[in-house]
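Now for the letters of each chain:
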Amino acid sequence: MSHRVLIPTPLRPYTGQQDAVEVDGATVGEALSSLTSRYGDLRRHLYGEDGKLRHFVNIYVNDDDIRYLEKDATALKAGDVISIVPSVAGGAPGTATPEAPAAARELPQLSNDEVQRYSRHLILPEVGLEGQRKIKAGSVLCVGAGGLGSPAALYLAAAGVGTIGIIDFDTVDASNLQRQILHSTKDVGRSKLQSASEKLLALNPGVKIVQHDAALSSANALEIFRDYDVILDGTDNFSTRYLVNDACVILGKPNAYGSIFRFEGQASVFATKGGPCYRCLYPEPPPPGLVPSCAEGGVLGVLPGVIGTIQATETIKLLLGGGSTLVGRLLLYDAWNMRFRELKLRRDPDCPVCGDNPTVRELIDYDQFCGIAPQPAVTAPAAASAGSDEVSVQELSDRLKSSAPPFLLDVREPNEFQICRIPGSTLIPLGQVGARLNEVKDLAAGREILVHCKMGGRSAKAVALLKENGIDAKNVKGGILDWIDKVDPSLPKY
């Protein structure tokens with residue numbers, strides 16, 4: 001009995017970039033066993049050392065989560081579609097839209113100029129004059145002024161949301177401009193907060209922009225979130241995403257969620273009364289480094305425009321208290337194949353944050369929760385002996401010039417290799433390393449093996465994989481970007 005397994009973008013390198021694979025099996029477990037037998041490197045992404053599915057990977061049959069069916073034993077019918085939904089980051093389904101946050105407040109009046117500006121809203125029966133006054137009374141916090149925050153904030157300002165808060169502490173980099181449309185070339189090097197505020201006020205001087213120039217943390221999240229009706233999550237890392245979720249649940253603030261990676265995006269609404277939260281979808285984060293960031297994996301520039309606009313749409317509906325929101329639903333978007341899919345979400349009664357008997361009642365250390373170790377203070381003598389499994393780019397440069405140069409393995413993707421490369425390196429993409437171990441041994445021919453990627457994350461995983469198979473190797477710390485900064489600035493950065 002044949003079934004189609006949809007492979008998400010992060011896992012496609014392990015299937016030769018296939019987005020769908022045909023497998024056999026009478027149950028989900030048998031189908032996944034068939035899949036991982038064919039693509040061995042997928043197994044460590046789907047299963048933990050205990051042989052159980054990882055908590056940051058969800059499996060759906062058609063549009064149903066197998067956690068609420070028969071899990072691995074869920075029976076399959078001919079033609080069933082199995083979807084693997086990794087994080088990129090019972091009970092009432094909570095499909096009804098919550099009451100508008102502004103409903104209990106006295107609504108502000110609209111000036112004649114505002115009536116003209118928002119006239120296309122006012123003639124919509126679903127919005128009308130009262131709805132626009134709710135939007136004006138509303139307050140939204142955008143967590144991040146990057147890829148998702150940019151389109152979301154622009155549309156929120158254009159829609160007339162009365163108060164828009166932005167929390168960000170980053171500066172504009174040239175590599176941001178391909179997707180972060182709040183910023184322009186002249187803003188490179190400027191604070192994203194300053195750049196964003198300038199653009200939003202130029203679009204609509206009638207909105208209030210509140211700048212939060214800080215890194216969001218457990219120490220400040222509740223204080224910052226408390227003054228807003230809706231929190232729009234535009235974060236780009238797991239520790240902050242779980243922090244946003246937990247703070248929203250504790251305060252009872254709706255979380256307009258979005259995430260992006262390469263060509264794929266996700267959107268939903270979490271933390272509403274009776275609805276699921278982010279932890280109901282992904283109870284645990286992936287181990288550090290297992291899921292590449294957009295800086296490593298890339299992202300289609302228009303993708304955050306689509307997902308960020310969906311987040312803004314959901315936010316407006318939450319302020320209005322109308323329409324059918326994404327509460328209880330996960331929207332998946334595949335830009336490359338131009339395909340939208342919708343999966344059911346349920347509130348987990350055992351969820352530690354929003355469940356019937358929550359155990360997380362205050363914010364925790366989210367770096368620790370996500371397995372991110374604090375950077376130890378390193379004294380000068382200790383620095384020399386630290387990182388025995390790593391070499392610096394300066395050390396790499398010296399060794400390449402020696403009489404016995406090492407074998408330099410580049411585990412980036414072929415398109416990255418075309419942009420820039422370290423002379424003498426050999427390309428074997430990370431997703432192929434497990435299947436080409438003998439080739440690595442033969443090519444190295446007894447030489448020291450040094451491994452690099454763009455920034456050091458993927459190469460660290462390759463080193464671990466090689467060592468698991470009895471092949472000694474070391475990671476080039478900082479990757480080719482560090483090589484360009486400190487050894488060969490003539491190469492283009494990406």
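Remember, predicted model here, so these are calculated numbers, not experimental data.

K.L.:
Which residues make up the nonpolar core, and what are the values?
P.N.:
Side chains of a nonpolar character, in soluble globular proteins, are inclined to be buried together. Leu 35, Ile 59, Ile 84, Ile 449, Val 451 and Leu 466 are the most contacted members of the largest nonpolar core, which has 42 residues in total. Leu 35 has contacts with Val 5, Ile 7, Val 21, Val 23, Leu 42, Leu 46 and Ile 84, leaving out every residue within four places of it along the chain.

K.L.:
Explain the sheet that holds strand E15 (residues 407–410) to me, using residue names and the numbers behind them.
P.N.:
Read from one edge of the open sheet, five strands run E14-E18-E17-E15-E16, paired in parallel fashion. Edge strands, defined here as strands with exactly one partner in the open sheet, are strand E14 (390–391) and strand E16 (426–427). Here helix H19 (residues 457–468) sits on the sheet in contact with E15, strand E17 (449–452) and strand E18 (474–476), set at roughly 145° to E17.

K.L.:
Go over the sheet that holds strand E12 (residues 329–334) with me, naming the residues and quoting the values.
P.N.:
Taken in spatial order, the eight strands make up an open sheet running E8-E7-E6-E9-E10-E11-E12-E13, and their pairing is mixed. Each edge of the sheet is formed by a strand with only one pairing partner; in this case those strands are strand E8 (208–212) and strand E13 (339–344). Strand-to-strand twist across the sheet, computed as the mean angle between neighbouring axes with direction ignored, equals 15°. Sheet topology note: the strand E6 (residues 139–143)/strand E7 (residues 163–167) ladder contains five bridges and is parallel. Each bridged residue has a counterpart across the sheet, and for Val 140 the counterpart in E7 is Ile 164. Sitting on the sheet, helix H9 (residues 238–251) is in contact with E6, strand E9 (230–233), strand E10 (255–261) and strand E11 (264–270), with an inclination near 165° to E10.

K.L.:
Can you lay out helix H20 (residues 479–486) for me, pointing to particular residues and giving the numbers?
P.N.:
H20 sits mainly inside the fold: six of its eight residues count as buried. Residues Gly 479, Ile 480, Leu 481, Asp 482, Trp 483 and Ile 484 constitute the buried set of H20.

K.L.:
Report on the packing of helix H6 (residues 149–159) against helix H12 (residues 303–320), specifying residues and quantitative values.
P.N.:
Viewed as axis vectors pointing N to C, H6 and H12 meet at an angle of 40°, and their least axial separation amounts to 7 Å. Regarding the angle of H6 to H12, the classification is oblique. You can see that H6 and H12 cross each other, and the crossing is right-handed. Along its contact with H6, which presents Pro 151, Ala 152, Tyr 155, Leu 156 and Ala 159, the element H12 presents Pro 304, Gly 305, Gly 308, Thr 309, Ala 312, Thr 315 and Ile 316. Split by residue class, the contact of H6 with H12 holds eight nonpolar, four polar and no charged.

K.L.:
Residue-level account of the layout of surface pockets, with values.
P.N.:
Estimates place the volume of the second largest pocket at around 670 Å³. Lining the second largest pocket are 25 residues; nearest its centre among them are Leu 53, Arg 54, His 55, Arg 67 and Lys 71.

K.L.:
Please give an account of the environment of Met 1 that cites residues and values.
P.N.:
Looking at where Met 1 falls in the secondary structure, it is placed in the segment before strand E1 (2–6). Measuring from C-alpha to C-alpha, the distance between Met 1 and Gly 79 comes to 8.2 Å, with 78 residues separating the pair along the chain. In this structure Met 1 touches Val 23, Asp 24, Gly 25, Ala 26, Leu 76, Lys 77 and Ala 78, once residues within four positions along its chain are discounted.

K.L.:
Can you explain helix H15 (residues 393–400)? Please cite residues and give values.
P.N.:
Of the residues making up H15, those classed as buried are Val 393, Leu 396 and Ser 397. Mapping the buried residues of H15 onto a view down its axis gives an arc of 100°, with all of them on the same face. Summarising the contacts, the buried residues of H15 are in contact with E14, E15, E17, E18 and H20.

K.L.:
Account for the state of the cysteines, naming residues and giving values.
P.N.:
Using the criterion set out here, one finds zero disulfides in the structure. This cysteine, Cys 277, is not joined by any disulfide, and Cys 354 carries the nearest cysteine sulfur, 3.6 Å off. Its sulfur unpaired, Cys 453 is 12 Å from the next cysteine sulfur, which belongs to Cys 420. Residue class for Cys 453 comes out buried when judged on its relative accessible area of 0%.

K.L.:
Tell me about the packing of aromatic side chains, residues and numbers included.
P.N.:
According to the stated counting rule, one finds eight aromatic pairs in the structure shown. Ring geometry for Tyr 242 against Tyr 278: centres 5.0 Å apart, planes inclined by 70°, an arrangement best described as edge-to-face. Taken together, the residues span a long stretch of sequence, with Tyr 242 in helix H9 and Tyr 278 in helix H10 (residues 278–281) at a distance of 36 residues. Given the relative accessible area of 1%, Tyr 278 is considered buried. Ring geometry for Tyr 257 versus Phe 270: centroids 5.1 Å apart, planes at 50°, classification tilted. Of the two residues, Tyr 257 is situated in strand E10 and Phe 270 in strand E11; the sequence distance between them amounts to 13 residues. One exposure class covers both Tyr 257 and Phe 270, and it is buried. Connected via pairs of aromatic rings, a cluster forms that spans Tyr 242, Tyr 257, Phe 270, Tyr 278, Tyr 282 and Phe 369. Directly above the aromatic system of Tyr 47 lies the positively charged group of Arg 43, at a separation of 4.5 Å from the ring centroid.

Cut-offs used in this document
Residues numbered from 1 in each chain as written. Predicted model: local features only at pLDDT ≥ 70, side-chain atom pairs only at ≥ 80, totals over all residues. Heavy atoms only, no water. Core = buried A, V, L, I, M, F, W, Y, C linked by side-chain atoms within 4.5 Å. Buried < 20%, exposed > 50% of the residue type's maximum accessible area, 1.4 Å probe, protein only. Contact = heavy atoms within 4.5 Å. Pairing = 2+ DSSP bridges. Helix = DSSP H or I, 4+ residues; strand = E, 2+ residues; numbered from the N terminus. Axes fitted to C-alpha atoms, helices over the stretch in contact; angles between N-to-C directions. Parallel < 35°, antiparallel > 145°, perpendicular 65-115°, else oblique. Left-handed = near helix turned anticlockwise from the far one by under 90°. Nonpolar A, V, L, I, M, F, W, Y, C, P; charged D, E, K, R; others polar. 1 Å grid on protein atoms, 1.4 Å probe; cavity = no way out; pocket = protein on both sides within 12 Å on 5 of 7 lines; lining within 4 Å. Points joined across faces, edges and corners; volume = space filled by probe spheres on them. Arc of directions from axis to C-beta. Disulfide = S-S within 2.5 Å. Phe/Tyr/Trp six-rings, centres within 6.5 Å; stacked < 30°, edge-to-face > 60°. Lys NZ or Arg CZ within 6 Å of the ring centre and 35° of its normal.

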